[in-house]
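These are the residues of each chain, in order.
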Amino acid sequence: MIFTLHIWRQENAQAQGGFEKHQIDVSEDTSFLEMLDALNEELIEQDKEAIAFDFDCREGICGSCNLVISGTPHGKHKGTTTCQQYMRDYADEKELWIEPWRATAFPIIKDLIVDRTSFDNIIQAGGYIEIRTGSASEANTIPIEKHVSDAAFDSATCIGCGACVAACPNASATLFVAAKVTHLSTLPQGEMDKQRAEKLLTAMEEEGFGSCSNYRECERVCPKEISVNTITTMNKLLYESSK
Amino acid sequence: MNDIELDSKIPKGSLEQRWTQHKFNLKIVSPANRKKYTVIVVGTGLAGASAAASLGEMGFNVKTFCFQDSPRRAHSIAAQGGINAAKNYQNDGDSVWRLFYDTIKGGDYRARESNVFRLAELSTSIIDQAVAQGVPFAREYSGYLANRSFGGAQVSRTFYARGQTGQQLLLGAYQAMSKQVAEGTVKHTSRCEMQDVILVDGKAKGIVSRDLVTGELETHMADCVVLCTGGYGNVFYLSTNAKGCNASAAWRAHKQGALFANPCFTQIHPTCIPQHGELQSKLTLMSESLRNDGRIWAPKNIEDCDKAPEEIAEQDRDYFLERMYPAFGNLVPRDVASRAVKLICDEGRGVGHAIDGKKLGVYLDFAKAVEIHGLDAISEKYGNLFDMYQHITNEDPYTSPMRIYPAVHYTMGGLWVDYNLMTSIDGLFAGGEANFSDHGANRLGASALMQGLADGYFVLPTTVSDYLARQSPMDLDKDYPEAEQTLKACEEKIERLMNAPDPQKTPDEFHRQLGQIIWHACGMAREKETLEQAIKDIQVLREQFWQQVKITGSDKTLNQTLERAGRIADFFELAELMCLDALTREESCGCHAREEHITDDGEAQRHDDDYSFVSAWQYSGNVTEPKLHKEELHFEFVRPTTRNYK
């Protein structure tokens, strides 16, 4: 399979970036990132600098990889991350545009790499349940209904990749925040902190993310298919805590 | 090279009382004095994040570093199957003693009894802690916690969160650490890689780091240093590790004087997706939990290997694990299962793609499980794993059996530590996969998460406090010439990498070649002559690497090619030590299968009289001539026998 790739190159946060054109021949079993690896090997052989992009586990769980592929965060194969895209998914395309996440709160570091420290800052604002090491009671003391626990798990699967922000016209991180709030606040262990949603949303705003206008683009691109229902759950909690 | 007297500091007395008594004997720092001490924690996976959170809560100043862009991305996140704990919620006869026994036996009697007992003892508190943090473990309809079975055990003691247990536990530890960052007791730096340990008067008092964005080298001083930097499976190039996993922190500590223990003990996990092509960058694990319901088989006849699995009649299928090990069947430990799969494929009965003319794969079949439990039940348990398999292979495991083959997954070897998890360098601690402490020659499934968290939440906070209580706080603002010297050495190493005399090949090209050598010589089967040849080949290739490695771009900016080259340079030295260790250990045990020491029916043949010890290697100033120290293992409570899973 031969592809023409238009890849975003940018020296650093301040520099002007632009698309660079490359051609590559790969087999259909190659993953998207392995294609970029192969391209980078060629570039190094030609004395050129390799394209910088984030990756780590390459099994769809660490949340490092983050490419916008022809306009879609993580690419066309839904419900998974960039590293789990295979070139056979792109068999009917010849040209691909590869860009970084674009959002004020995710400044570009180099080429396709962005700074997502803002997500860590949001979690630090209250995305945890306070429990000092060693002070926990016996794990089976509080039974939790299976459906409640399963629903908490569904929200807890967020990998913090930031695709929701990249897809949102407002560059809002509301789905990221709502997933964490729903995970923690619907469990009996986490319901005590009634201000969690408010604290996280305030932090989100301070970090430069926009707010939610219900476009629902986030849900469409989430590699873990986290539902916007989490936003409804969070809004209910906000309403109850303000009563 | 200083002469080292190995003292494992193992407490005496009854096994149950050792940790309790030891804690009482340790010193503690009074709460008011804790803020006067600084602890550096390198690596923020399960062990590092939990240690940082706990030490921060106690009131120490903690500085943490990770090379990823956030602590939430450490490779602990990819652990799928679960975490063991001796809760005995199933009332099936489990106990701390049984978990202890299973772990010692699973490790083929090459781990310390005291450490393993402590691990089993702490296992239950980990589950309590995680549940309180909001880790959504699987539950029964009754609302109580669910368990599943795992290899090497006949009780059901594994707690799990679908196929994402590592993710949920890591997020718990990450969130606990985030709270401490907000409170100011933990200062974290991401995209920053440790380059070396700084020793002042022979004690670990800081690190040199490289800011991966600006390329700047910096020194950070502290009262002690904790390395939770993971394992070295990526020495093989293809492994189930994340691409960034590396041995550099541990290896550079080794070259500063920390002994490296049992480097040849590397776990090959039986159920991974087979390799499909040349360009492949990593292998993907399919959780061991699949062996609960999946049945492993290969065609009985070589002629059937090219047929589609559906076309092979039931009587022509060899469910070889069930045949060879009727008592444990598909749930034998990882090393036993891996060797059996290799045996079948070496006989020519493998299936799937051929790599170098050999079909390396066997079937993992769920047809029977679907028949018994129904599609929904199987999907509920393994849905995300099946999806992952389908993404990667483009084949549907619901309708046709998976293909699997063993792959490098975990390294039991690591920095030698005493009972306090302190290395042979005073003030340098190692936790999690980075140390060698608990798994002997083979790790049981669902025990890595348990060990990382036991070290981080419970052991390190206690033993690090004791260490600090014996020191006066360091003046961190003073200039230390040792820090400057170490930084200078790091600078020179980077300069040497950037300016190879005859740059020709990319770092990855060298890494792939190294991987092939070490997989062939020090993988699932090891043999004297192959190991000797591998050592020579590694030396030649390493020399070529330093002459010909080609790195483009600058070292003063973000440069992933340089990052990789630095890690590969260390893998080249570690690989040689692994082969030397494998060569020296003239026996088979756990993962270490020496072809010269296999019983007639194909099982590992231990030689307890001569090899019941931990190999602890000391750097001599010459990578090729390390000095071997032996820590004898004493079994007072368990009698080493031949492992029998039949």
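Position numbers for residues count from 1 along each chain, tracking the sequence in the order it is written. Naming scheme: in the order in which they are written, chains are lettered from A and ligands are numbered from 1. Residue-level local features of this predicted model are given only where pLDDT is at least 70; pairs of side-chain atoms are given and counted only at 80 or more, and the full residue set underlies all totals for whole chains, interfaces and linings. Values shown for side chains rest on all heavy atoms present in the structure; no hydrogens or waters enter the calculation.

Trainee: How would you sum up the overall build of chain B? Please name residues and give values.
Mentor: Numbered from the N terminus, helices here are DSSP runs of H or I no shorter than four residues, and strands are runs of E no shorter than two. The secondary structure content of chain B amounts to 16 helices and 21 strands. The C-alpha radius of gyration of chain B comes to 24 Å, within 12% of the 26 Å expected for a compact globule of 646 residues. In terms of overall dimensions, chain B has C-alpha extents of about 75 × 60 × 50 Å along its principal axes. The rule is simple: take the accessible area with a 1.4 Å probe, protein chains only, and divide by the maximum for that residue type; under 20% is buried, over 50% is exposed, in between is partly exposed. When burial is assessed residue by residue, chain B has 66% of its 646 residues classed as buried. It only takes one pair of heavy atoms within 4.5 Å for two residues to be counted as in contact. A separation threshold of at least 6 residues defines the contact pool for chain B, and within that pool the share at least 24 residues apart is 74%. Surface accessibility follows the Shrake-Rupley procedure with a 1.4 Å probe radius. Residue values consider only the protein chains on display as shielding. Total accessible area on chain B stands at roughly 21,700 Å², and carbon and sulfur atoms take up 46% of it. Here the radius of gyration uses the C-alpha set of atoms, whereas the globule reference equals 2.2 Å times the residue count to the power 0.38.

Trainee: Mind laying out the domain arrangement of chain B, listing which residues take part and the relevant values?
Mentor: Size of an interface: often given as the accessible area lost when the parts come together. Residue and element names in this part refer to chain B. According to the domain assignment, chain B consists of domain 1 (18-267 + 410-469), domain 2 (272-407) and domain 3 (489-619). The C-alpha-based centres of domain 1 and domain 3 are spaced at 24 Å. Between domain 1 and domain 3, the contact holds 42 residues from the first and 51 residues from the second. Regarding the contact of domain 1 and domain 3, the summed buried area is about 3,900 Å², with carbon and sulfur atoms giving 62% of it. Salt bridge, as used here, is a side-chain nitrogen of Lys or Arg placed within 4 Å of a carboxyl oxygen of Asp or Glu. At the junction of domain 1 and domain 3, the tally comes to six salt bridges. A salt bridge links E193 to R567; the shortest N-O distance between them is 2.9 Å. As used in this structure description, the phrase polar contact means that two N or O atoms lie within 3.5 Å; if the pair is within protein, one of them must be able to donate a hydrogen and the other to accept it, and residues adjacent in sequence are counted only when both atoms belong to side chains. Counting the contacts that link domain 1 with domain 3 gives 21 residue pairs in polar contact (both at pLDDT 80 or more). Bear in mind that the domain bounds are from an automatic or database domain assignment. Accessible area, probed at 1.4 Å, shrinks when two parts are joined; the buried area is that loss added up over both.

Trainee: Explain the domain arrangement of chain A to me, and be specific about the residues and the numbers.
Mentor: All names here are of chain A. Structurally, chain A comprises domain 1 (2-99) and domain 2 (117-242). Averaged C-alpha coordinates put domain 1 and domain 2 at centres separated by 30 Å. In this assembly, 11 residues from domain 1 lie in contact with 12 residues from domain 2. If you sort the residues of domain 1 by the area they bury against domain 2, P73, H74 and G79 come out on top, with a joint share of 44%. Where domain 1 touches domain 2, the interface holds zero salt bridges. Inspection of the domain 1/domain 2 interface yields one residue pair in polar contact (both at pLDDT 80 or more).

Trainee: Describe the packing of helix 2 (residues 117-124) of chain A against helix 5 (residues 165-183) of chain B, naming the residues involved and giving the relevant values.
Mentor: Where helix 2 of chain A meets helix 5 of chain B, the closest approach of the two axes is 8 Å, and the angle between their N-to-C directions is 85°. Judged by the angle between their axes, helix 2 of chain A and helix 5 of chain B are roughly perpendicular. Seen from helix 2 of chain A, the contacting residues are F119, D120, I123 and Q124 of chain A; seen from helix 5 of chain B, they are Y174, Q175, S178, V181 and A182 of chain B. Nonpolar residues are Ala, Val, Leu, Ile, Met, Phe, Trp, Tyr, Cys and Pro. Charged residues are Asp, Glu, Lys and Arg, and all others, Gly as well, are polar. Of the residues in the contact of helix 2 of chain A with helix 5 of chain B, the class split is five nonpolar, three polar and one charged. Axes here refer to lines fitted to C-alpha atoms; in helices the fit is confined to the stretch in contact. Angles between the N-to-C directions go from 0 to 180 degrees. Each angle gets one of four labels, with under 35 degrees taken as roughly parallel, over 145 as roughly antiparallel, 65 to 115 as roughly perpendicular, and the rest as oblique.

Trainee: Explain helix 3 (residues 146-156) of chain A to me, using residue names and the numbers behind them.
Mentor: For helix 3 of chain A, the complete set of buried residues consists of K146, V148, S149, A152, F153, S155 and A156 of chain A. The secondary structure elements touched by the buried residues of helix 3 of chain A are helix 5 (174-185) and helix 8 (229-242) of chain A together with helix 5 and helix 10 (375-393) of chain B.

Trainee: How would you sum up the interface of chain B and chain A? Please name residues and give values.
Mentor: Across the contact, 78 residues belong to chain B and 74 residues belong to chain A. Surface buried jointly by chain B and chain A totals about 6,500 Å² across both partners, of which 50% is contributed by carbon and sulfur atoms. Interface area lost by chain B to chain A is led by R73, R139 and H391 of chain B, which between them contribute 11%. Along the contact surface separating chain B from chain A lie nine salt bridges. A salt bridge links E380 of chain B to K146 of chain A; its shortest N-O distance comes to 3.2 Å. Seen at the junction of chain B and chain A, the total is 46 residue pairs in polar contact (both at pLDDT 80 or more). Elements that contribute at least two residues to the side of chain B that touches chain A include exactly helix 2 (46-58), helix 4 (113-133), helix 5, helix 10, helix 11 (448-469), helix 13 (507-522) and helix 15 (560-584) of chain B. A per-element tally of the side of chain B that touches chain A places helix 5 of chain B first, with nine residues. Considering only residue class, the side of chain B that touches chain A consists of 28 nonpolar, 31 polar and 19 charged.

Trainee: A description of the pattern of salt bridges should follow, citing residues and the corresponding values.
Mentor: What the rule picks out here adds up to 64 salt bridges over all chains. The network of salt bridges with shared partners includes D108, R110, R585, E587, R606 and D608 of chain B.

Trainee: Could you give an account of the confidence of the model for chain B, with specific residues and numbers?
Mentor: Segments scoring low in pLDDT should not have their predicted coordinates read at a detailed level. Note: pLDDT gives the predictor's confidence per residue, expressed from 0 to 100. Taken residue by residue, chain B gives an average pLDDT of 95. The fraction at 70 or more is 100%. Two summary scores accompany this predicted model of the complex, namely pTM at 0.97 and ipTM at 0.98.

Trainee: Quick one: what's the story with the sheet that holds strand 4 (residues 72-73) of chain A, residue by residue and with numbers?
Mentor: What holds strands together in a sheet is hydrogen bonding between their backbones, with the strands either parallel or antiparallel. Residue and element names in this part refer to chain A. DSSP bridges decide pairing: two strands pair if at least two such bridges lie between them. Pairing within the open sheet is mixed, and its five strands lie in the order 2-1-5-3-4. Among the strands making up the open sheet, the edge pair consists of strand 2 (18-25) and strand 4. Relative to strand 4, strand 3 (residues 68-69) runs antiparallel, the two being bridged by two bridges. What sits directly across from V68, in strand 4, is P73. The sheet contacts of helix 1 (residues 32-45) involve strand 1 (2-9), strand 2, strand 3 and strand 5 (95-99), and relative to strand 2 the element is tilted by about 95°.

Trainee: Go over the nonpolar core, please, and point to the residues and values.
Mentor: Residues and elements named next belong to chain B. Here, nonpolar core refers to any group of buried Ala, Val, Leu, Ile, Met, Phe, Trp, Tyr and Cys residues whose side-chain atoms link them within 4.5 Å. Counting 256 residues, the largest nonpolar core has I83, F137 and F545 as the members making the most contacts within it. Examining the composition of this core, we find that 13 residues originate from one element, helix 15, more than from any other. In this view, F545 contacts L497, F510, A565, I568, A569 and F572; residues no more than four positions away in its chain are not counted.

Trainee: Account for helix 13 of chain B, with residues named and values stated.
Mentor: Each residue after the first adds 1.5 Å to the expected span of a helix. The end-to-end C-alpha distance of helix 13 of chain B, which contains 16 residues, comes to 21 Å, matching closely the 22 Å that a straight helix rising 1.5 Å per residue would cover. Here helix 13 of chain B has its buried residues at P507, D508, F510, H511, L514, G515, I517, I518, A521 and C522 of chain B. Those residues of helix 13 of chain B hidden inside the fold are in contact with helix 1 of chain A together with strand 11 (266-272), helix 14 (528-548) and helix 15 of chain B.

Trainee: Go over unusual backbone geometry with me, naming the residues and quoting the values.
Mentor: Residue and element names in this part refer to chain A. Despite not being glycine, H74 shows a phi value in the positive range, around 70°. Assignment of secondary structure puts H74 in the loop between strand 4 and strand 5. Look at H74 and you get buried, because its relative accessible area is 1%.

Trainee: Outline the state of the cysteines, listing residues and values.
Mentor: All names here are of chain B. A pair of cysteine sulfur atoms is labelled a disulfide when the two atoms are within 2.5 Å. According to the stated counting rule, one finds zero disulfides over all chains in the structure shown. C345 takes part in no disulfide bond, and the closest cysteine sulfur, belonging to C305, lies 8.6 Å away. We classify C345 as buried; its relative accessible area is 2%. C522 carries a free sulfur, and the closest cysteine sulfur to it, the one in C579, is 4.7 Å from it.

Trainee: Give a detailed account of the side chain of Q175 of chain B, specifying residues and quantitative values.
Mentor: Tracing the sequence through the fold places Q175 of chain B in helix 5. With sequence-adjacent residues up to four places away left out, Q175 of chain B is seen in contact with I123, G127, Y128, K180 and L184 of chain A.

Trainee: Kindly report on the environment of I494 of chain B, identifying the contributing residues and their values.
Mentor: All names here are of chain B. Turning to its location among the elements, I494 is positioned in helix 12 (residues 481-498). Note on I494: relative accessible area 8%, which makes it buried. Between the alpha carbons of I494 and Q195 there is a distance of 9.9 Å; along the sequence they are 299 residues apart. Contacts of I494, omitting those with residues within four sequence positions, involve Q195, R210, L217, D555 and L562.

Trainee: Help me get a handle on the environment of S31 of chain A, residues and values and all.
Mentor: Residues and elements named next belong to chain A. Topologically, S31 is positioned in the loop between strand 2 and helix 1. Residue S31 is classed as buried on the basis of its relative accessible area of 3%. Taking the C-alpha atoms as reference points, S31 and D89, separated by 58 residues in sequence, lie 9.6 Å from one another. Each residue touching S31, except ones within four places of it in the same chain, is listed here: C83, Q85, Y86 and M87.

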